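In case you want the letters, here they are:
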Amino acid sequence: MDRFRMIFQYFQSNSESVMNGICGLLALVSVKMYTSFDFSCPCLPQYNMAYGLGIMFVPPVILFLCGLILNRQSLVMLEEWRRPQGRRKKDLAVIRYMFSSIMQRAMVAPVVWIVVTLLDGKCLICAFSGSMDPEKFVGFANLSTAQVQELLAKVPCRDDELVRNNTSRKAVSRYLRCWSQALGWSILLILIIAAFLARWLRPCFNQATLLQARHWSNYIDIEQKIFEETCCEHSRLFAHKCILHFFESMRQEIKLHSFSLPGQGEGAEEEEDLLRGITDQDQVNKLLKTWYCDKPPLDVSQAHQR
Amino acid sequence: MDKFRMIFQFFQSNQESFMNGICGIMALASTQMYSAFDFNCPCLPHYNLAYGLGILLVPPFILFLLGFVLNNNISMLAEEWRRPQGQRGKDSAVLRYMFCSMAQRAMIAPAVWVSVTLLDGKCITCAFCTSVPVDTLGNASHPRLSQGEIERVLARIPCKEIYNGQQLIANEVAVRYLRCISQALGWCFVLLMTTLAFLVRSLRPCFSQAAFLKSRYWSHYIDIERKLFDETCAEHARSFAKVCIQQFFEGMSTDLVAARCHLPRKAPADAGEAAEKLLGITDQGTMNMALKSWHRCKPPLHLHPPALPTGNGWAGEGQSHTQPSAPRRETAAYYSCV
């Protein structure tokens, strides 16, 4: 019983913290991925917007899906949703609670990526430099439209020979970066305020239902873990009996085929038990061959009758 | 039993995490291999494509096979697949489950290599630099060169030091273009893999949960059964060896006694366990002979039944047909005090 209690406490305390840990780890991975990714804007008119917006939105989708895959609770929720009703009713409030908690945790890493991208600024500069209005900046006055487009497209590439020492390039770059960082900080502020309000105002609405839903979602999770653990223990016992049964039947067979008496010396009983009547190289070889060629049936009911 | 339980829990709890650990280590090794590998584009027209695609595709194949080799369960799967049916039926669903879980884990390191390669961009730049659209990216006013010449010039794009086509197409422009394409491919590949993994994981509970639980239970069972059988055999081998060696020493001792024609001296009553453990070998010469005999003439793998007290139960039953009976009687007399 003590063992069960210890294991239960371990699972209970660690279920939430494991999920929070994975969530934090993914956020860190997201930052690390961004810093190690070699951002390289193509600086070509049609490609800039696709590249910039792609880098801003595709990795968050990937991180979101990773957050769902790595979260154990998503499988538990799906199973609970799809199982046949049987004798246990399904509570939609529990499923909704589990779904919202999974979604909240999975959204953290994508949001971190987007915020880091915006605060850094490279993506937005790359995506929107071609859409700038050239009249706002000096230096684009006497050029044809095509040339202006080409110059604007090359703004993100500092070392390109066309725009290397161009002051207008720096102006456009600063302008876009300013917008990007403003957007990044605003999104961060809005999200933090939303999280703060959600956490403060939640007790005002349906607290009792929430407590019930949380309890039963924890319960389903723990029940699943204990079921798996019990299955493992059962299969261990099953295997143990099966193997003992197999050795016994080999011993019977040897007794039938050979005529030597089993020894009855006093000090030898312990060793006899461990040797299980197999005392010969040929017998051992036969045992191993039989184990491979003719595994015993998965039925240990006869073992109980011994 | 407690010892079994603790060992079992160690194996069980660590089996999955052990496999996941190996999987993660191989993914890290894959990124480390890539960063340590000195990529060296040949910068020649036909060799570029072969080199670039080779570096992109051959190491993942190697990593995939390595993932199978390092997985202990591969031998278990092969054994279960090839064994004769005998008294236990074979369940192909279990085999499929085992194979799928092994293949999924083995796919991770190759996928990491391909993603890192594409996101870095060097391979694609090397492989496809001769296919850069010079008309759109390059200078239209450049005098026309033959196709072969153009290819040779373009092939040098990855090697900045020897690139001589700056008038045809700027090196940075071409490299940026190719890298952009490569990174787009890389992110799409990662998105595709993640979506596949998500679908596989989330569609399973919707369709075949009961069959899945069954396959998972029996595949764990096969694994545990194999480990327990190995443990039982190891225990048996230990006892076998112990009895075999004990019988060897007893045999040696008997031979010595017979050779020297000593009367076996009874050990004093208070010598206790230590004298018994000496098994009758009490001087350097005897020990040396025992060691030499162990090396030159190991005993057969056949344990004698332990000694019987005389006059008990031999009459009327089959004689011990392989052992000489004369030393046995003497042995019985010698060890009657044991």
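All of these numbers come straight from a predicted model, not from anything done at the bench. Residue numbers here run from 1 along each chain, matching the order of that chain's written sequence. Chain A is the first chain written and ligand 1 is the first ligand written, with later ones labelled in order. Whole-chain, interface and lining totals are the exception, using all residues; otherwise, since this is a predicted model, local features are given only for residues with pLDDT of at least 70 and side-chain atom pairs are given and counted only at 80 or more. The side-chain numbers reported here are obtained from all heavy atoms of the structure, hydrogens and water having been left aside.

**Examining the side chain of Thr117(A)**
All names here are of chain A. Threshold: Secondary structure counts use DSSP, requiring at least four H or I residues in a row for a helix and at least two E residues in a row for a strand, with both numbered from the N terminus. Think of it in three bands: with a 1.4 Å probe and only protein chains considered, a residue is buried below 20% of the maximum accessible area for its type, exposed above 50%, and partly exposed in between. The contact criterion used is simple: two residues touch if any of their non-hydrogen atoms lie within 4.5 Å.
For Thr117, the position within the fold is in helix α4 (residues 92-120). You can call Thr117 buried: its relative accessible area is 1%. Beyond its immediate chain neighbours, meaning those up to four positions away, Thr117 contacts Tyr34, Met56, Lys122, Cys123 and Ser180.

**Considering the UniProt feature "transmembrane region" (unreviewed entry) in chain B**
All names here are of chain B. Selection rule: UniProt positions are given in the numbering used here, feature names are shortened, and annotations may be inferred rather than shown by experiment.
Within this numbering scheme, the UniProt entry marks residues 21-37, 49-70 and 184-203 as carrying the feature "transmembrane region" (unreviewed entry). Strand forms 0% of residues 21-37 and helix 94%; the C-alpha atoms that close the span are 24 Å apart. A helix fraction of 95% and a strand fraction of 0% characterise residues 49-70, whose end C-alpha atoms lie 32 Å from each other.

**Regarding the packing of aromatic side chains**
Stated formally: To pair, rings of Phe, Tyr and Trp, with the six-membered ring standing in for Trp, must have centres within 6.5 Å; the planes then decide the type, stacked if under 30 degrees apart, edge-to-face if over 60, and tilted in the middle. Comment: the charge-over-ring label is applied if NZ (Lys) or CZ (Arg) is within 6 Å of the ring centre and within 35 degrees of the ring normal.
Evaluation of the coordinates by the stated rule reveals 24 aromatic pairs over all chains. Judged by centre distance (5.5 Å) and plane angle (75 degrees), the ring pair of Tyr47(A) and Tyr177(B) falls under edge-to-face. Remark: Tyr177(B) occurs in helix α9 (residues 171-207) and Tyr47(A) occurs in helix α2 (residues 47-70); the pair is interchain, linking two chains. You can call Tyr177(B) buried: its relative accessible area is 12%. The side chain of Arg82(B) reaches across the aromatic face of Trp81(B), ending 5.7 Å from its centre.

**A closer look at the UniProt feature "transmembrane region" (unreviewed entry) in chain A**
All names here are of chain A. The positions UniProt marks with the feature "transmembrane region" (unreviewed entry) are residues 21-37, 49-71, 92-115 and 182-201. Taken end to end, residues 92-115 comprises 100% helix and 0% strand; its first and last C-alpha atoms sit 34 Å apart. Annotation note: span residues 182-201, helix share 100%, strand share 0%, distance between end C-alpha atoms 28 Å.

**Description of the state of the cysteines**
Residues and elements named next belong to chain B. Our working definition: We call a pair of cysteine sulfur atoms a disulfide when they lie within 2.5 Å.
Counting across every chain of the model gives 4 disulfides over all chains. Paired by a disulfide, Cys41 and Cys126 hold their sulfur atoms 1.9 Å apart. Residues Cys41 and Cys126 share a disulfide whose torsion about the S-S bond is about 85 degrees; that sign makes it right-handed. Note that Cys41 is positioned in the loop between α1 (2-36) and α2 (47-69) and Cys126 in helix α6 (residues 122-128), a separation of 85 residues in sequence. Residue Cys126 is classed as buried on the basis of its relative accessible area, which comes to 0%.

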